[in-house]
Amino acid sequence: MKKTAHNSSVLLIYTGGTIGMIENSETGVLENFNFEQLQKHIPELNRLDFQIDSYQFNPPMDSSDMIPEIWKELVRIINENYEKYTGFVILHGTDTMAYTASALSFMLEGLNKPVILTGSQLPIGVLRTDGKENLLTSIEIAAAQNNKGNPMVPEVCIFFENHLMRGNRTTKINADNFNAFRSFNYPALAEAGIHIRFNHVHIHTYKENQKLTPHLSLDSNIAVLKLFPGIQENVIAAILAIEGLRALVLETYGSGNAPRKPWFIRCLSEACHKGIVIVNITQCNSGTVEMERYETGYQLLQAGVVSGHDSTTESAVTKLMLLIGSGYSSQEIRERMNCSIAGEISV
Ligand code: ASP
């Protein structure tokens, strides 16, 4: 797209989503744009002093249609182009962006370069679009290097509405506002105002000579179950009896609490004995699971349920997919759920 003498280069991967849409001036209908149109709508791209190349998914997708096969495709594209670029920007629909960011953070083991996901609430062609700002700043962050020539942010992130967040810590929190993402349990990695201020202590450290190990095996035999007062035994029993189920993300109350009904504990305990990995995640946006705190949490621990700590649901689901896909035993998966593998939990 654009080349200058500056030695940074960014690969822009366009998967789809609202950001890539333009309002047809005659019909008012939102249509997908192609990359040739991008420069026309964002002439500011010409003022960025580095090389920007693009890769376009054809056809572009609404991120509600996201599947693990597309995550593998993204990992392949990044792996094949890894040496050629300073950083990567992925344009993605907002609906499942937090899942994709979480999945990529686990699949790209040893990542030493920025992979920044961004999108927008209003299409790029609309006058008040948030897409322009999100895209331009994401590209700047993906190209940013320190005075030693090393990337400023060598990890998978989401940039949205002036905030750079660790990808596997984010959740979509608003369907209307520009401020659509939040990282409740981990500080922002950077804030963009007049200057982009990096929060160095919270960013992964760049490691000289670290090699990228892409993981392409994912297994999605997983279910997510959100508790509510009055949930029936037949619902829990039916979910845990699903043929081939390997793991359940259980969304509990507060600091990881659940009903004390004997049938409930029996169902969970039998499933754990069968080898189903049950991970306890709090329904609260912020805070962590502490199963030792109340009797109602402790009984889950005794039944064999593993703590999800302060993980998001998106992160727990995709981490389980990777661990199951990698062929680990149930016990090995339980142990790894208790450790941070890409900065996804505070332990
Ligand atoms: N449905 C769209 C998507 O996720 C919404 C968006 O991009 O904001 O692809």
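The structure under discussion appears in the preceding block.
Residues numbered from 1 in each chain as written. Predicted model: local features only at pLDDT ≥ 70, side-chain atom pairs only at ≥ 80, totals over all residues. Heavy atoms only, no water.

A.B. asks: Quick question: what am I supposed to make of the overall build of the protein chain here?
C.D. replies: Counting secondary structure elements, the protein chain contains 9 helices and 18 strands. Against the 2.2 N^0.38 benchmark of 20 Å for 347 residues, the protein chain shows a C-alpha radius of gyration of 21 Å, consistent with a compact globule. C-alpha extents for the protein chain along the principal axes are approximately 65 × 50 × 35 Å. Evaluated residue by residue, the protein chain yields a buried proportion of 54% over its 347 residues. (Helix = DSSP H or I, 4+ residues; strand = E, 2+ residues; numbered from the N terminus. Rg over C-alpha atoms; globule rule 2.2 N^0.38 Å. Buried < 20%, exposed > 50% of the residue type's maximum accessible area, 1.4 Å probe, protein only.)

A.B. asks: When you look at the site of the ligand in this model, what are you seeing that I'm missing?
C.D. replies: Around the ligand, the neighbouring residues are Gly17, Thr18, Asp62, Ser63, Gly93, Thr94, Asp95 and Ser120. Note that an oxygen atom of the ligand is positioned 2.5 Å from one of the side-chain N or O atoms of Thr94. Within the complex, 88% of the 260 Å² of free accessible area of the ligand lies under protein. Taken together, the residues of the shell around the ligand break down into no nonpolar, 6 polar and 2 charged. (Near = heavy atom within 4 Å. Polar contact = N/O pair within 3.5 Å; in protein donor to acceptor, adjacent residues only side chain to side chain. Areas by Shrake-Rupley, 256 points an atom, 1.4 Å probe, with all protein chains shown as cover. Nonpolar A, V, L, I, M, F, W, Y, C, P; charged D, E, K, R; others polar.)

A.B. asks: Would you mind showing me how to read the sheet that holds strand β7 (residues 115–118) here?
C.D. replies: Two orientations exist for strands paired in a sheet by backbone hydrogen bonds: parallel and antiparallel. Pairing is mixed in the open sheet, where 8 strands are placed in the order β4-β1-β5-β7-β8-β9-β12-β13. Each end of this open sheet is capped by a strand with a single partner; those strands are β4 (51–56) and β13 (196–198). Sheet twist, expressed as the mean angle between neighbouring strand axes with direction ignored, is 20°. Note that strand β1 (residues 9–14) and strand β5 (residues 87–91) share 5 bridges and pair parallel. Note on β5: the bridge partner recorded for Val10 is Gly87. Relative to strand β8 (residues 156–160), helix α3 (residues 97–107) is tilted by about 155°, and along the sheet it contacts β5, β7 and β8. (Pairing = 2+ DSSP bridges. Axes fitted to C-alpha atoms, helices over the stretch in contact; angles between N-to-C directions. Contact = heavy atoms within 4.5 Å.)

A.B. asks: I tried to follow the packing of α3 against helix α8 (residues 313–325) on my own but got confused; where do I start?
C.D. replies: Two packed helices can be described by the angle between their axes and the distance between those axes. The contact between α3 and α8 brings their axes to 8 Å, and the two run at 40°. Taken together, the axes of α3 and α8 lie oblique to each other. Once α3 is placed against α8, the crossing between them reads as right-handed. Residues Ala98, Tyr99, Ser102, Ala103, Phe106 and Met107 of α3 pack against Thr313, Glu314, Ser315, Thr318, Lys319 and Leu322 of α8. Here the residues of the contact of α3 with α8 sort into 6 nonpolar, 4 polar and 2 charged. (Parallel < 35°, antiparallel > 145°, perpendicular 65-115°, else oblique. Left-handed = near helix turned anticlockwise from the far one by under 90°.)

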